[in-house]
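Secondary and tertiary structure notes
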Amino acid sequence: MKYQSTRGSEERIESAEAIASGLARDGGLYVPETLPVLSQDKLNALVDKPYSQKAAEILRVFLNDFGADELDRYSQAAYNDRIFDNSNVAPLYKTGDSTFFLELWHGPTAAFKDMALSIMPRLLTASLKKTGEEREACILTATSGDTGKAALEGFCDVPGTRIMVFYPHGGVSDIQKLQMTSQRGDNVNVTAVKGNFDDTQTGVKAIFTDKTMASEIEERGFFLSSANSINWGRLVPQVAYYVSSYCELVKTGVISAGEKINFCVPTGNFGNILAGYYARQIGLPIGKLICASNRNDVLTQFINTGVYDRNRAFYKTISPSMDILVSSNLERLLFELSNKDGSMVSSYMSALAEKGHYDVPGAVLAAIRDVFACAYCSEEDTQKTIADTWRTYDYLIDTHTAVAFKALNDYRVATGDDSVSVIISTASPFKFAGSVLEALGQPAGHSGMGLIDELQSYTGVKAPLPLSELGEQKERFDTVIEIGEMKEAVLNFLCK
Ligand SMILES: *Cc1c(COP(=O)(O)O)cnc(C)c1O
């Protein structure tokens with residue numbers, strides 16, 4: 001199976017090369033040329049396997065230039081009870097007969113990015129070996145808060161790599177900030193940028209496509225690579241938890257093998273839900289994928305109207321990891337649903353870059369709406385959903401997960417579709433402890449790390465260890481730069 005770019009170039013490469021390079025040379029994203037098939041038999045055979053084996057099988061389906069043994073090893077090294085604090089890795093929590101929360105926050109940074117970033121550095125370093133790359137990889141990442149820390153943890157002291165993380169100054173929570181700025185490791189750097197997430201991500205993309213930068217970086221013995229969800233190596237491990245949760249529901253008799261279920265996903269950059277789309281396309285019985293937006297509802301608007309328009313107000317919300325107006329991974333979906341028409345995708349993307357908007361033809365919109373539903377959740381409803389879920393089910397959810405729960409409820413009311421549904425729970429409530437306390441009607445008496453203790457004492461729920469120990473960590477990185485200084489910051493980092 002070969003990979004190709006979403007922007008239509010003729011290039012066809014192996015998955016290792018796609019992972020090693022991140023972004024395609026024509027500026028597009030890599031996708032499989034033809035999608036593999038996960039047969040019902042193969043799916044049934046996975047039902048009783050532990051998470052790491054399910055993940056290895058799914059990786060193998062997409063990365064067939066990797067050996068099965070090799071993928072088994074990476075998967076076992078990533079998905080075990082030293083890295084994850086739950087033996088199921090990604091357990092399901094039941095509230096009501098047909099509603100489940102898939103908890104993807106039992107890893108080292110307490111958010112779903114760990115699901116991919118615990119294994120992605122292994123896939124990347126293996127890919128570099130396979131492609132004969134001798135230069136060191138410099139991982140450049142823009143983060144809305146959670147990717148940064150998960151990537152820093154994943155790449156910390158990995159030989160042959162350096163990692164530099166840019167985050168929007170004032171755009172992440174105190175807890176997220178300290179998680180990143182206290183990062184250990186000799187190959188890491190964390191820098192704040194005066195701008196929002198989109199500015200930061202645009203800055204990183206500009207560095208990737210700047211030819212002068214590429215040669216200056218090359219002179220220093222490095223090349224640029226990405227840990228963002230534009231990298232296929234980030235996306236493909238995420239397909240595994242859609243499959244694993246489906247298997248779990250079959251195993252526990254909630255559904256019968258082959259029965260369709262829905263997933264509702266709190267969406268920002270469209271990476272998580274896109275993995276669900278690929279799971280569906282290879283044969284996982286999924287009915288609808290429900291895309292949940294917060295107040296920055298550019299995706300909801302797109303799925304409703306076919307018009308993608310980033311010329312709109314940008315809001316800072318209490319679900320900051322979804323505060324995104326340019327959802328990079330949507331490009332992959334557009335490619336798949338426009339009959340792999342790379343020049344069409346190119347024209348959308350240049351319209352987006354030049355005018356800030358594009359619209360897709362009716363046939364493409366119909367294809368999107370066939371698979372995706374969407375709903376939007378206000379700040380007020382996010383708070384109310386956290387409070388209601390706590391009072392009704394004794395279950396504490398974070399702000400992002402609350403957006404998805406509300407969206408699922410609205411979808412059910414609007415459509416009458418009462419299929420078994422899985423809400424993707426993307427962060428521990430303790431990661432956003434201040435907002436969660438407020439939602440519970442407990443205006444926080446503390447700031448920063450004190451919030452974690454306060455939420456523990458108010459609810460009696462225990463915070464994940466990496467978060468409760470965070471208060472003892474010291475800040476190592478405090479640099480704040482202008483958007484225009486990002487290139488220079490990269491070159492400085494690579495001098496040392
Ligand atoms: C990253 C993130 C999201 C959004 O996921 P995308 O793949 O960017 O759509 C949602 N919730 C949390 C907690 C996140 O960290």
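For the structure, see preceding data.
Described in the following lines is the structure provided in the data block. This structure is a prediction, so every number in the text was calculated from the model and none was measured.

**With respect to the overall build of the protein**
Looking only at helices and strands, one finds 22 helices and 15 strands in the protein. Its C-alpha radius of gyration of 21 Å places the protein within 12% of the 23 Å reference for a compact globule of 496 residues. Taking the principal axes of its C-alpha atoms as reference, the protein extends roughly 60 × 50 × 45 Å. Across the 496 residues that make up the protein, the buried fraction comes to 61%. On the protein, roughly 18,200 Å² of surface is accessible, and the fraction owed to carbon and sulfur atoms is 46%. A distance of 2 Å separates the average location of the 47 positive side-chain charges in the protein from that of its 62 negative side-chain charges.

**Details of the site of the ligand**
Near the ligand, the surroundings consist of 15 residues, among which Lys113, Asp146, Gly268, Asn269 and Thr426 are the closest. Between Gly271 and the ligand, the recorded distance is 3.1 Å, taken from a backbone N or O atom to an oxygen atom. At 2.9 Å from an oxygen atom of the ligand is found a main-chain nitrogen or oxygen belonging to Asn272. With the chains in place, 97% of the 380 Å² that the ligand exposes on its own is no longer accessible. Classifying every residue of the shell around the ligand gives 5 nonpolar, 8 polar and 2 charged.

**Some details on the pairing of strand β13 (residues 372–376)**
Counting buried residues along β13, 4 of its 5 residues qualify, which places the element largely inside the surrounding structure. Bridge count between strand β10 (residues 286–293) and β13: 5 bridges; the pairing is parallel. The residue bridging Ser293 from the neighbouring strand is Tyr376, located in β13.

**Concerning the nonpolar core**
With 113 residues, the main nonpolar core has Phe62, Leu63, Tyr242, Leu334, Tyr358 and Phe372 as its most contacted residues. Among the elements that take part in this core, helix α11 (residues 232–251) stands out by supplying 12 residues, more than any other. Not counting residues up to four positions away in its chain, the partners in contact with Phe372 are Phe270, Ile273, Tyr277, Lys288, Leu289, Ile303 and Leu333. If you look at the next biggest cluster of nonpolar residues, it comprises 37 residues, including Trp390, Leu396, Ala404 and Ala407.

**What about the packing of helix α3 (residues 51–62) against α11?**
Following both chains from N to C, one finds α3 and α11 inclined at 130 degrees, their axes separated by 9 Å at the closest point. The angle between the axes of α3 and α11 places the two elements in the oblique class. Taken as a pair, α3 and α11 cross one another with a handedness that is right-handed. Only Trp232, Val236, Pro237, Val239, Ala240, Tyr241, Val243, Ser244 and Cys247 of α11 make contact with α3, whose side of the interface consists of Tyr51, Lys54, Ala55, Ile58, Leu59 and Phe62. Residue composition of the contact of α3 with α11, grouped by class: 13 nonpolar, 1 polar and 1 charged.

**Focus: the state of the cysteines**
Scanning the model with the defined rule gives 0 disulfides in all. Unpaired in this structure, Cys138 has its nearest cysteine sulfur neighbour in Cys495, at a distance of 12 Å. Under the relative-accessibility criterion, Cys138 is labelled buried at 0%.

**Section: the sheet that holds strand β14 (residues 421–425)**
The strand order across the open sheet formed by 6 strands is β3-β4-β14-β9-β10-β13, and the pairing between neighbours is mixed. A strand with exactly one partner marks an edge of an open sheet, and here the two such strands are β3 (92–94) and β13. Each strand axis lies, on average, 25 degrees off the axis of its neighbour in the sheet, ignoring direction. Sheet analysis places strand β4 (residues 99–103) next to β14, joined by 5 bridges and oriented parallel. Each residue of the ladder has a partner; that of Glu103, found in β14, is Ser425. Here helix α18 (residues 399–415) sits on the sheet in contact with β4, β9 (261–266), β10, β13 and β14, set at roughly 160 degrees to β14.

**Focus on the packing of helix α4 (residues 68–78) against helix α6 (residues 120–130)**
The description of two packed helices rests on the angle between their axes and on the distance between the axes. Look at α4 against α6: their axes get within 10 Å of each other, and the N-to-C directions meet at 150 degrees. Considering their axes alone, α4 and α6 lie roughly antiparallel with respect to each other. Residues Glu70, Leu71, Tyr74, Ala77 and Ala78 of α4 lie in contact with α6, whose contacting residues are Arg122, Leu123, Ala126 and Lys130. Of the residues contributing to the contact of α4 with α6, the split by class is 6 nonpolar, no polar and 3 charged.

**Focus: unusual backbone geometry**
If you check the backbone angles, Ala110 has positive phi at about 65 degrees while not being a glycine. Among the secondary structure elements, Ala110 is positioned in the loop between β4 and α5 (113–117). Even without a glycine there, the phi angle at Asp157 is positive, about 60 degrees. Tracing the backbone through its elements, the reader meets Asp157 in the loop between α7 (146–155) and β6 (161–168). For Asp157, a relative accessible area of 43% corresponds to the partly exposed category.

**Points about the environment of Val490**
In this fold, Val490 is placed in helix α22 (residues 486–493). Once the C-alpha coordinates of Val490 and Leu470 are considered, the two residues, 20 residues apart in sequence, prove to be 27 Å apart. Each residue touching Val490, except ones within four places of it in the same chain, is listed here: Leu140, Met164, Phe166, Ile207, Met213 and Ile217.

Reading the values: rules and limits
- Residue positions are given per chain, counted from 1 along the sequence in the order it is written.
- The predicted origin of the model limits local features to residues at a pLDDT of at least 70 and limits the giving and counting of side-chain atom pairs to 80 or more, whereas totals for whole chains, interfaces and linings rest on all residues.
- Only heavy atoms go into the side-chain values, all of them from the structure, while hydrogens and water stay out.
- In this text, helices come from DSSP runs of H or I with a minimum length of four residues, and strands from runs of E with a minimum of two, each type numbered from the N-terminal end.
- Computation of the radius of gyration draws on C-alpha atoms, with the globule rule given as 2.2 Å multiplied by the number of residues to the power 0.38.
- Relative accessible area decides the class of each residue, using a 1.4 Å probe on protein chains only: under 20% of the type maximum gives buried, over 50% gives exposed, and in between gives partly exposed.
- Methods summary: accessible areas were calculated by the Shrake-Rupley approach with a probe of 1.4 Å, and residue burial reflects only the protein chains presented.
- In summary, the charge assignment counts Lys and Arg as positive and Asp and Glu as negative, without counting His or the chain termini.
- Where a charge sits is defined by one atom per residue type, namely NZ (Lys), CZ (Arg), CG (Asp) or CD (Glu).
- In these notes, residues near a molecule or strand are those with any non-hydrogen atom within 4 Å of it.
- Whenever a nitrogen or oxygen atom comes within 3.5 Å of another N or O atom, the pair is scored as a polar contact, on the condition that within protein one atom can donate a hydrogen and the other can accept it, and that pairs from neighbouring residues in sequence are kept only if both atoms are in side chains.
- Note on residue classes: Ala, Val, Leu, Ile, Met, Phe, Trp, Tyr, Cys and Pro are nonpolar, Asp, Glu, Lys and Arg are charged, and everything else, Gly too, is polar.
- Pairs of strands are assigned from DSSP output, requiring at least two bridges between the strands.
- Among the buried residues, those of types Ala, Val, Leu, Ile, Met, Phe, Trp, Tyr and Cys that are joined through side-chain atoms within 4.5 Å form a nonpolar core.
- Pairs of residues are marked as contacts when any of their non-hydrogen atoms sit within 4.5 Å.
- Here, axes are lines fitted to C-alpha atoms. For helices the fit covers the stretch in contact, and angles between N-to-C directions go from 0 to 180 degrees.
- Each angle gets one of four labels, with under 35 degrees taken as roughly parallel, over 145 as roughly antiparallel, 65 to 115 as roughly perpendicular, and the rest as oblique.
- Each crossing gets its hand from how the near helix is turned against the far one by less than a right angle, where anticlockwise is left-handed and clockwise is right-handed.
- Note that a disulfide, as used here, is simply two cysteine sulfur atoms within 2.5 Å.

So, to be careful, I would describe these as geometric facts and stop short of saying anything about function.
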